[in-house]
Amino acid sequence: VLLNFLDKIKALQKNPANVRNLCILAHVDHGKTTLADSLVASNGIISSRLAGKLRYLDSREDEQIRGITMKSSAISLHYKDYLINLIDSPGHVDFSSEVSTAVRLCDGAIVIVDAVEGVCPQTQAVLRQAWLENIRPVLVINKIDRLIMELKLTSQEAYTHLQKILEQVNAVTGSLFTSKVLEDRAVKEERAEEDKEEGDIKPAECPGSEQVYDWSAGLEDSDDSQLYFSPDQGNVVFASAIDGWGFSIQQFAQIHSQRMGIRAEVLLKTLWGDFYLNAKAKKIMKGAHAKGKKPLFVQLVLDNIWSLYDAVVTRRDKEKIEKMMMSLGVKVMTRDSRHSDPKVLLSAICSQWLPVSQAVLFMVCDKLPSPLDMTSERIERLMSVGARRFHSLPLQTQELKTGSWPDRDTLRDWQPFSRRKVGREMPNQEVQHRTSVSACLPPVPHLACCTMDSLYLLMGRELEELEEVPSGNVLGIGGLEECVLKSATLSTSPALPPFIPLNFEATPIVRVAIEPKHPSEMPKLVRGMRLLNQADPCAEVLIQETGEHVLVTAGEVHLQRCLDDLRERFAKIEISASKPIIPFRETVIRPPKVDMVNEDLGKQQKVAVIHQVKESDTLHLDPSGLVTLTTPNRQATVGVRAIPLPEEVTLLLEGSADLIRTLEQAGQAQREGRTLDMSTWTLDALMVLKSRLEVLLQGRKWRNAVDRIWAFGPRRYGPNILLNSVEGYQRPSVWHCLEREKGEKEGGAKAEASAIRDFDNSVVSGFQLATLSGPMCEEPLMGVCFSVERWDMNFPTQRTHLDSVTEKDSNSLDASVSESPGEAVGQQGASGKAGGAGETPSQAEGAMAGASHGRLVDCYGPFSGQLIAAVKEACRHAFQAKPQRLMAAMYTCEIMATAEVLGRVYGVLGKREGRVLQEEMKEGTEMFIIKAVLPVAESFGFADEIRKRTSGLASPQLVFSHWEVISSDPSWVPTTEEEYLHFGEKADSANQALKYMNGVRRRKGLYVEEKIVEHGEKQRTLSKNK
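Thresholds applied
- Residues numbered from 1 in each chain as written.
- Predicted model: local features only at pLDDT ≥ 70, side-chain atom pairs only at ≥ 80, totals over all residues.
- Heavy atoms only, no water.
- Pairing = 2+ DSSP bridges.
- Helix = DSSP H or I, 4+ residues; strand = E, 2+ residues; numbered from the N terminus.
- Axes fitted to C-alpha atoms, helices over the stretch in contact; angles between N-to-C directions.
- Contact = heavy atoms within 4.5 Å.
- Buried < 20%, exposed > 50% of the residue type's maximum accessible area, 1.4 Å probe, protein only.

If you check an unreviewed UniProt entry, the chain appears there as Elongation factor-like 1 from Oncorhynchus mykiss.

Here it is as structure tokens:
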């Protein structure tokens, strides 16, 4: 039987017009795997009795235990002359990366919505992912039996409820469509303006163009007829997968057209909508709602289903059941009719009367496109990475858009799925693979050759080896583990560009350190973690500076699955994982105006609370917050001030990390005398970033701040800024790559005027070290601007004993010490302008000693190292001179709960420092949707606790959202009389920020200031001596 099945699948693979690649998308627990079971049972792979109970595509043990899908599974099925490659994807938010992978492979999607819960957060997310990948969805409204058995709705109420659900789904789709149309229009207008500037459009060609402006948004002209879900279009199925029934209105239109003598086309248009049947006139009329009549859908469809449930499940009326079975032409086995559970009899009747698999498979084959029908828009989008535009690709590649397939092989490969786009795939065939690069980096993809060992047909839990796979099919490829990391584009032609990277909804945020129980098994762990990194699109594996192997995952459930995979599949050893490493950030804020009891702070107390820097002979603190630090050899003095960045600037810098990295690469290349070619798109994006920073950094203290940016940090692209406020030091701007476009003359003149000083790189290095680990608990800084207001270098003018070294030796030594070729250029410029106008004496001396600064090694070590350490310490002290705060990573939390358990949900949220943002009742149900924010540090065990406290009636969805400043000061002590009265002398009430800070310090082995024993005294034994 299996051989016949495989032969049929192989034959169907050769006809791409009849292939349907689709995935099942939905919120968690909306019935994806149950529906997949019904579809699998239609092919005889499993028994129809076990459909919904077996969960065949949940092949992992932990999936069966938890009752949720964690890994996408693929299976090939046949229906009539069609081949259906089906992928069942997870619904839990932690595994949304699996959904991204499944959506990229497919041409269509089945979106499932629970009839009771309606559109949930993850439903919106999967609809958005399907929209971004430009694939066509169809809708299944599942669990309609819950409307009958749980909510006890009448058929009329259920009809109204189903209408509302359809409206909700269409509202999400409509908003996506509207945003796309408006975006396209904005792009069109931008291009028209560019053409106008270039002189392509002459005023004579468009008379009156300045007077006439089209105010329409472009929505009127856009075709949205095929966009929405509507039962009369045939892209909606109503189902109860657990009971085995489902239908589209086409089925009922055909049934009733024979009985009533009305044409099926008429019934198809009127079965869903405000129509009713006039029994006297035997006509279908409009206006059922206004006239108080039963809509046709209720009368002809829902009433039949409701009466069946009433007879079989509620009343168990045997006579009525037999009459119904006679009229439906259904025969049931004796053991089913005598079964103690009425649901068994119901499933037996429904699965023959309205089999859900037939309704869904018919809709899929009829409404979803084949691989040959891939839209030109999707092809263009797949191949346009970042700055690369489709019209700049080779002609052979562009021909894909028109549908004239070139004679070559291309495919996309993922672990463990891949999709054949063009050509035929053979084992042991040599292909090139490319990895997509970030949108802002130069579009030079990584290219390597590899050989495919074997090809597989994916059959859920099983793999069947194939000799060849025609184009348009989903397949598994063996032998690529040494070549492909996470995803790649495979092709026999090196001219093919890589496809765009996947869109991930979840961000990896939860970290744990991992080590083997037996140290000798470390190589196995390293190999296992490498395989896990390849197999999981969202997991990240890294080695920290401390040498720890760290695993970064999207959430608690995802973390547990990754650890189980490491133990059982990849490393196959016993491992121990640390408690989750909670990420924090350190920042400074503006001095608070009120104290902890909301009383106005006097200036004296404010200064006492804020300034905690201890002065010394090399360190001086100005009352305004300027920290001046001298190097140990007294040859350089640095003055630094810390300023909090506006929140909008921090968010902008954090979101533009790729752009800033590109900017830094361009600057590095220019300092080394190379040129880095950047696309016009990247240059435009950098210009937009610069202009947005100029708009956001307004005010007296930020005057010309954007042009004075020295560096970003940490790692040269973080959300902190080093500002050059040194009087008389005009160094090249970080935006110089934008200025080079303005012409060589202007650029050359500017290079003359602004030279890089000696040891400029040391100042930047000190800033990078300071922002990488802050003074509170060695966590990275965020949203801090360090302004360097003083930088004096005072080299001794007299010759040292090293002067006997020849000029040749001095030059060679200097070349070896200079930190980069760009710095050497800066030294020449500095020596050239020494003694000029505005030059400080120490600067001139430093410039004169430019040729010999490499010899500045004394008992304190190399001078560059001293300067790095001095800048780092100055930045740390400047940070401590301001009110310092911790920033916590925050989850957005969406909870669906009934009114009875609302108080318990609030109790759990309050206990875990959560904050409720919004609470609204879901229309047409008794469910409340609560939106809250919750610190990641408090989220572990949160989902389990909520389920326990609410007896499973509430379930949260946690997604990483943003970083938030914790309002309390970790080093706060009571200073005012009101604070002493409120908190007591010791203020021993819990300080959340201090608890987090001490936890991180303890984990890192840093000193924690805490009293272990207070008022220790000798123990007294009070019992009598006997």
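Quick word on the sheet that holds strand 21 (residues 575-577)
Overall, antiparallel pairing links the four strands, which are arranged 19-20-18-21 in an open sheet. The outermost strands of the open sheet, each flanked by one partner alone, are strand 19 (540-543) and strand 21. Taking each pair of neighbouring strands and ignoring which way they run, the sheet shows an average axis angle of 30°. Pairing of strand 18 (residues 510-516) with strand 20 (residues 549-553), which is carried by five bridges, proceeds in the antiparallel orientation. Within strand 20, the residue paired with Ala513 across the bridge is Val550. In the packing of helix 18 (residues 522-535) onto the sheet, contacts are made with strand 18, strand 19, strand 20 and strand 21, and the angle to strand 20 comes to roughly 25°.

Describing the sheet that holds strand 24 (residues 627-630)
Strand order in the open sheet formed by six strands is 23-24-25-28-27-26, and the pairing between neighbours is mixed. Two strands in the sheet have a free side with no partner beyond their single neighbour: strand 23 (619-621) and strand 26 (709-713). Sheet twist, expressed as the mean angle between neighbouring strand axes with direction ignored, is 20°. Two strands pair when backbone bridges link them, and strand 24 and strand 25 (residues 636-644) are joined in this way by four bridges, in the antiparallel orientation. Each bridged residue has a counterpart across the sheet, and for Thr630 the counterpart in strand 25 is Thr637. Sheet strands touched by helix 30 (residues 863-880): strand 23, strand 24, strand 25 and strand 28 (784-793). Its angle to strand 25, the strand with the most contacts, is close to 35°.

Some words on the environment of Met927
Tracing the sequence through the fold places Met927 in strand 33 (residues 927-935). Sequence spacing of Met927 and Leu953 is 26 residues, and the spatial spacing of their C-alpha atoms is 9.9 Å. Excluding residues that lie within four positions of it along the chain, Met927 makes contacts with Met896, Ala897, Thr898, Glu920, Met921 and Lys922.

Digging into unusual backbone geometry
The linkage connecting Gly713 with the following residue, Pro714, adopts the cis geometry, with an omega of 0°. Relative to the elements of secondary structure, Pro714 occurs in the loop between strand 26 and strand 27 (720-724). Located in the positive-phi region is Asn704, a residue other than glycine, with phi close to 55°. Locating Asn704 in the fold gives a position in the loop between helix 23 (680-696) and strand 26. A relative accessible area of 54% means that Asn704 is categorised as exposed. Unusually for a residue other than glycine, Glu778 sits at a positive phi of about 60°. Using a relative accessible area of 26% as the deciding quantity, one classes Glu778 as partly exposed.

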